[in-house]
Amino acid sequence: MTTRQKFIAGNWKMNASLPANAALLGALLEGLRQQPPACEVAVAVPMPYLSQVQQLLAGSSVRLGAQDVSAHDAGAYTGETSAAMLRDFAVRYALVGHSERRQYHGETDAQVAAKAERLLAAGITPIVCVGETLAEREAGATDAVVARQLDAVVQSLGAAAAQVVVAYEPVWAIGTGRTATPQQAQQVHAVLRGRLAAARPEAARVAILYGGSMNAANAPELLAQPDIDGGLIGGASLKAPDFLKIIEAARA
Ligand code: PGA
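Residues numbered from 1 in each chain as written. Predicted model: local features only at pLDDT ≥ 70, side-chain atom pairs only at ≥ 80, totals over all residues. Heavy atoms only, no water.

Engineer: Explain the nonpolar core to me, using residue names and the numbers behind them.
Structural biologist: Counting residues in each nonpolar core, the largest one holds 67 residues, and the members touching the most others are Ile8, Val43, Val53, Leu86, Val166, Leu192 and Tyr210. Setting aside residues no more than four positions away along its own chain, Val166 makes contact with Val128, Val130, Leu150, Leu192, Leu196, Val206, Ala207, Ile208 and Leu209. The next biggest cluster of nonpolar side chains, apart from the first, holds 13 residues, and it includes Phe7, Ala44, Leu95 and Leu209. (Core = buried A, V, L, I, M, F, W, Y, C linked by side-chain atoms within 4.5 Å. Buried < 20%, exposed > 50% of the residue type's maximum accessible area, 1.4 Å probe, protein only. Contact = heavy atoms within 4.5 Å.)

As C-alpha cells, then:
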C-alpha cells in the first residue's frame, strides 16, 4: 500500500465459521464488483480460516490479514503462529498489540515490537495498535500512553518504522458503541503523526487508522480528519452492507 492512501481494515476477532465467511465475503466482493473501492481494503481473520479466505479473496483487490503473530521465528512455542507461516498463506497485514491481546494476554510493548519486527522480516505489514483505557484518559495520560506504545515499536524498528501502519484504538471505544469524537481522534492522531515524524522524517507518511465503534454513520466525519487515514473496523466489518458503506466513506 502506498502510505497515506486511505485504508479500511476489518477485524473479525473470534467471529467466523466456514459458511459465515463464505457468505460475508461473497456479499463483500459482490458489492465491491459493483462499486470498486478507492482505497486499500483488508480483512483480518482468525488463523484457522487463512486458507479458506485466501482462496475466497483470490483475484480480488481485498487483502488478507491476520490478527496476531508470534514474537519468535520458529521452534517450541506451542499454539503460536509464525510470520513465515502467515506468509505461506499470502497474508499482507497482521495486527499487533491489539488492546484485547494486551489486556487478556499480557502483551508488553517489547513483545509488540518484536512481533512487528518478525512480520516485516517476512514481508508482511504490521498494523500496530495503540490506545488508552478509560482510566488513563480520565487521568489525562492519553498522549503519554499512546506515545509510549508507539515509541517501543519505532525505536526497535529503526528505519523500517516507516513501513508499518498504526491504528489508534481507544480501549473505551472498542465494541462499546461509544466512539471517540472526530476531534478527540484527530488530536491523538496528530500526536502520533508528530511522534513518527520526530523519530524518522520518512515515517510522517505512515497511515494512521482509527478504530473503536466505527460504523457507517460515523465513518464519514472520522475519515474527513486530516490525520485519520482509514479505519480498523470490528463489529461493523461482520456485516457486508455496513463494511461496504465504510469503504465508500473512504472515497472522499
Ligand atoms: P469495534 O472494534 O469496531 O467493534 O469497536 C474495533 C477493534 O477492536 O479493532
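Right, picking up where we left off after that structure.
Engineer: Give a description of the site of the ligand that names residues and reports values.
Structural biologist: If you check the shell around the ligand, you find 13 residues, and the closest are Lys13, His98, Glu169, Gly175 and Ser213. At a separation of 2.7 Å, an oxygen atom of the ligand approaches a polar side-chain atom of His98. Against a free-state accessible area of 290 Å², the protein chains account for coverage of 94% of the ligand. Its residues assigned to classes, the shell around the ligand comprises four nonpolar, seven polar and two charged. (Near = heavy atom within 4 Å. Polar contact = N/O pair within 3.5 Å; in protein donor to acceptor, adjacent residues only side chain to side chain. Areas by Shrake-Rupley, 256 points an atom, 1.4 Å probe, with all protein chains shown as cover. Nonpolar A, V, L, I, M, F, W, Y, C, P; charged D, E, K, R; others polar.)

Engineer: I'd like to hear about the state of the cysteines, residue by residue, with values.
Structural biologist: Within this structure, the stated rule accounts for zero disulfides. Between Cys39, a cysteine without a disulfide, and Cys129, which holds the nearest cysteine sulfur, the sulfur-to-sulfur distance is 18 Å. Judged by relative accessible area, which is 7%, Cys39 ranks as buried. (Disulfide = S-S within 2.5 Å.)

Engineer: Tell me about unusual backbone geometry, and please be specific about residues and values.
Structural biologist: Positive phi, close to 55°, is recorded for Lys13, a residue that is not glycine. On the secondary structure map, Lys13 appears in the loop between β1 (7–11) and α1 (18–34). Phi is positive for Ser213, close to 55°, though the residue is something other than glycine. Note on Ser213: relative accessible area 18%, which makes it buried. (Helix = DSSP H or I, 4+ residues; strand = E, 2+ residues; numbered from the N terminus.)

Engineer: A description of the packing of aromatic side chains should follow, citing residues and the corresponding values.
Structural biologist: One pass over the full model with this rule turns up two aromatic pairs. Ring geometry for Phe7 against Tyr93: centres 4.7 Å apart, planes inclined by 35°, an arrangement best described as tilted. Placement of the pair is Phe7 in strand β1 and Tyr93 in strand β4 (residues 93–96), with a sequence separation of 86 residues. Per residue, the accessibility class of Phe7 equals that of Tyr93, and both read buried. (Phe/Tyr/Trp six-rings, centres within 6.5 Å; stacked < 30°, edge-to-face > 60°.)

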